[in-house]
Amino acid sequence: MATKTTKTEKKNTPATKKVAAPKKAATKTPDTDKLRTAIVNALTTFEKINDNANAEIIEKLRFVIGSFDFDKNPIGLYEFGEKALPILTSIKEKNTKLVTKKVIDDLVKVLAK
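The structure reproduced in this document is the subject of the present report.

Reading guide: rules and limits
- Residue numbers restart at each chain and count upward from 1, following the sequence in its written direction.
- Where totals are concerned, whole chains, interfaces and linings use all residues; where local detail is concerned, this predicted model gives features only for residues with pLDDT of at least 70, and gives and counts side-chain atom pairs only at 80 or more.
- Hydrogens and water are ignored here; the side-chain numbers use all heavy atoms of the structure.
- Strands here are runs of E lasting at least two residues and helices are runs of H or I lasting at least four, both read from the DSSP assignment and numbered beginning at the N terminus.
- With a 1.4 Å probe rolled over the protein chains alone, any residue whose accessible area is under 20% of its type maximum counts as buried; one over 50% counts as exposed, and the rest are partly exposed.
- Pairs of residues are marked as contacts when any of their non-hydrogen atoms sit within 4.5 Å.
- Only the protein chains shown count as covering a residue, and every accessible area follows the Shrake-Rupley method with a 1.4 Å probe.
- Here, a salt bridge means any Lys or Arg side-chain nitrogen found within 4 Å of an Asp or Glu carboxyl oxygen.
- For this analysis, a ring pair means two rings from Phe, Tyr or Trp (six-membered ring only for Trp) whose centres lie within 6.5 Å, classed as stacked if their planes differ by under 30 degrees, edge-to-face if by over 60, and tilted for the remaining angles.
- By definition, being over a ring means that NZ of Lys or CZ of Arg is both within 6 Å of the ring centre and within 35 degrees of the ring normal.

1. Structural notes on the overall build of the protein chain
Looking only at helices and strands, one finds 4 helices and 0 strands in the protein chain. Listing each helix as α and each strand as β along the protein chain from the N terminus yields α-α-α-α. Taken over 113 residues, the protein chain has a buried fraction of 27%. Residue pairs at least 24 apart in sequence account for 58% of intrachain contacts in the protein chain once pairs closer than 6 positions are excluded. About 9,400 Å² of surface is accessible on the protein chain, with carbon and sulfur atoms providing 56% of the total.

Here is the structure:
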């Protein structure tokens, strides 16, 4: 016995619009460009001081700047910025001409966010 197959016709329905997902509330992200600039200025200051005692922090700052440029993740900048700040502050206390106030103020400002 043969079975009868039926064709179902497609109904002409209007195309449905895709509804966009609701936008997430904008989260305030810290200005990473200012953070990077402050870290670069700190690195430049360390390099001008040219003290072998600072060799490790210089290498770490170079590394986190390169890492940030690659992946745009600022966590390393924050971490080593917080380590560089007390070192720069102690150097400034010993010799005020080696570290400018602007370098320290910029670091404090961007790390506070």
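Once the structure has been displayed, the description carries forward.
2. Considerations on the pattern of salt bridges
Per the counting criterion, the structure on display carries 6 salt bridges. For aspartate 69, the salt bridge identified is with arginine 36, shortest N-O distance 2.7 Å. With aspartate 69 in helix α2 (residues 55-71) and arginine 36 in helix α1 (residues 32-49), this pair connects stretches of sequence that are 33 residues apart. A relative accessible area of 26% places arginine 36 in the partly exposed class. A salt bridge links glutamate 79 to lysine 83, with the nearest nitrogen and oxygen atoms 3.8 Å apart. Taken as a pair, glutamate 79 and lysine 83 lie in helix α3 (residues 75-94) at a separation of 4 residues, close to a single helical turn. Take lysine 83: its relative accessible area is 43%, and that puts it in the partly exposed class. Connected through salt bridges with shared partners, the residues Glu47, Glu59 and Arg62 form a single ionic network.

3. Points about the packing of aromatic side chains
Tallying each qualifying case throughout the model produces 0 aromatic pairs. Here the basic side chain of lysine 72 rests over the ring of phenylalanine 68, its NZ or CZ set 5.3 Å away from the ring centre.

4. Topic: the side chain of threonine 45
Looking at the element boundaries, threonine 45 is found in helix α1. Filtering out sequence-adjacent residues up to four positions away, threonine 45 remains in contact with Leu88, Leu98, Val99 and Val103.

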